[in-house]
Amino acid sequence: TLDWSKQALVTGNRNYNFFSARGITRWGFQTTVRLIMNDLRVQDSQCGYKLMTLSAAKVMYKDLHLKGWSHDVEVLFRAKLHDIPIQQISIDWKDKDGSKVVASGVARVSMQMLLDVLRLRWEYSVTGAWKPSE
């Protein structure tokens, strides 16, 4: 259980059928994120369900560098850097027809997300150009 008087974050974990198209692409992206970013302490970085204290939000969302599909990875990385406690809950998520990812092209979006995560790791950990927010 989280102490809501301090910085805290709750994130969802969608219950996808692993053998569905979404389940397979989710597994692929999460595996890639784990290999590049190490453990971000969640199973589903791209789940839109996030609940946080205002003080945590101010740290995690201040001056984000990634604005696209991968911004959640940067948010979770910042939570890790600042030791913000994360609780993950299982949620029933219903996808709606007309996905923006599908409309944009899954291969193109996937490649952009991969490049974003590589850049995130490079800029925070190698060059230090992206400093953790205070």
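Let me sum up the structure you'll find in this document. (Residues numbered from 1 in each chain as written. Predicted model: local features only at pLDDT ≥ 70, side-chain atom pairs only at ≥ 80, totals over all residues. Heavy atoms only, no water.)

### A short note on the overall build of the chain
Rule in force here: By definition, any uninterrupted DSSP run of H or I lasting at least four residues is a helix, any uninterrupted run of E lasting at least two residues is a strand, and each is numbered from the N terminus. Based on C-alpha atoms, the radius of gyration is set beside the globule rule, defined as 2.2 Å times the residue count to the power 0.38.
Counting secondary structure elements, the chain contains 5 helices and 3 strands. Listing every helix and strand of the chain by position from the N terminus yields β-α-β-α-α-β-α-α. Against the globule reference of 14 Å for 134 residues, the chain gives a C-alpha radius of gyration of 15 Å, in line with a compact fold. The dimensions of the chain, computed from C-alpha atoms along their principal axes, are 40 × 35 × 25 Å.

### Here we look at the pattern of salt bridges
To keep it simple, the criterion reads: Any carboxyl oxygen of Asp or Glu within 4 Å of a side-chain nitrogen of Lys or Arg constitutes a salt bridge here. The cut-offs for exposure are 20% and 50% of the maximum accessible area for each residue type, with area from a 1.4 Å probe on protein chains only; residues under the lower value are buried, those over the upper are exposed, and the others partly exposed.
The full count for this structure, using the stated rule, is 6 salt bridges. The salt bridge partner of Asp44 is Arg26, with a shortest N-O separation of 3.8 Å. Note that Asp44 is positioned in the loop between helix H1 (21–37) and strand E2 (50–52) and Arg26 in helix H1, a separation of 18 residues in sequence. For the residue pair Asp44 and Arg26, the accessibility class agrees, reading buried in each case.

### Here's the deal with the sheet that holds strand E1 (residues 9–14)
Pairing between sheet strands relies on hydrogen bonds along the backbone, with the strands arranged either parallel or antiparallel. Formally: Strands were regarded as paired on the criterion that DSSP finds at least two bridges between them. Angles run from 0 to 180 degrees between N-to-C directions of axes, and those axes are lines fitted to C-alpha atoms, restricted for helices to the stretch in contact.
Pairing is mixed across the open sheet formed by 3 strands, whose spatial order is E2-E1-E3. The open sheet has two free edges, formed respectively by E2 and strand E3 (86–91), since each of these has just one partner strand. Direction aside, the axes of adjacent strands within the sheet are offset by 20° on average. Two strands pair when backbone bridges link them, and E1 and E3 are joined in this way by 6 bridges, in the parallel orientation. Bridge assignment links Gly12 to a residue of E3, and that residue is Ile89.

### Looking at the layout of surface pockets
Operational definition: Here a cavity denotes grid points, spaced 1 Å and computed from the protein atoms alone, that fit a 1.4 Å probe unable to get out, and a pocket denotes an open set having protein on both sides within 12 Å along at least 5 of 7 lines; residues with an atom within 4 Å of a point are the lining. Grid points are joined across faces, edges and corners, and a volume is the space filled by probe spheres set on the points. Residue polarity is assigned by list, with Asp, Glu, Lys and Arg as charged and Ala, Val, Leu, Ile, Met, Phe, Trp, Tyr, Cys and Pro as nonpolar; anything else, Gly included, falls into the polar class.
Volume-wise, the second largest pocket comes out at about 150 Å³. Residue lining of the second largest pocket: Asn13, Tyr16, Phe18, Gly23, Arg26, Trp27, Gln30, Arg34 and Gln43, and that is the complete set. Tallying contributions element by element places H1 first for the lining of the second largest pocket, with 5 residues. Residue composition of the lining of the second largest pocket, by class: 3 nonpolar, 4 polar and 2 charged.

### Quick word on the packing of H1 against helix H3 (residues 71–81)
Quick note on the threshold: Between 65 and 115 degrees an angle is taken as roughly perpendicular, under 35 as roughly parallel, over 145 as roughly antiparallel, and anywhere else as oblique. The sense of a crossing depends on the near helix, which, turned anticlockwise from the far helix by less than a right angle, makes the crossing left-handed and, turned clockwise, makes it right-handed. Any two residues having at least one pair of non-hydrogen atoms within 4.5 Å are treated as being in contact.
Two numbers describe how H1 lies on H3: the axes approach to 13 Å, and their chain directions differ by 40°. Between H1 and H3, the angle is such that the two are oblique. Note that H1 runs across H3; the crossing there is right-handed. Across the interface between the two elements, Phe29, Val33 and Met37 of H1 pack against Val73, Phe77 and Lys80 of H3.

### Topic: the side chain of Thr53
Looking at the secondary structure, you find Thr53 in the loop between E2 and helix H2 (54–61). Under the relative-accessibility criterion, Thr53 is labelled buried at 10%. When neighbours within four sequence positions are excluded, Thr53 is seen to be in contact with Trp4, Lys6, Gln7 and Ala8.

### Considering unusual backbone geometry
Outside of glycine, negative phi angles account for most residues, and trans bonds account for most peptide bonds. With phi around 70°, Arg41 is a residue other than glycine that occupies positive phi space. Positionally, Arg41 belongs in the loop between H1 and E2.

### Concerning H3
Where burial is concerned, most of H3 is hidden: 8 out of the 11 residues are buried. Considered for burial, the residues of H3 that qualify are Asp72, Val73, Glu74, Val75, Leu76, Phe77, Arg78 and Ala79. Phi turns positive one or two residues past the end of H3, at Asp83, with a value near 55°.

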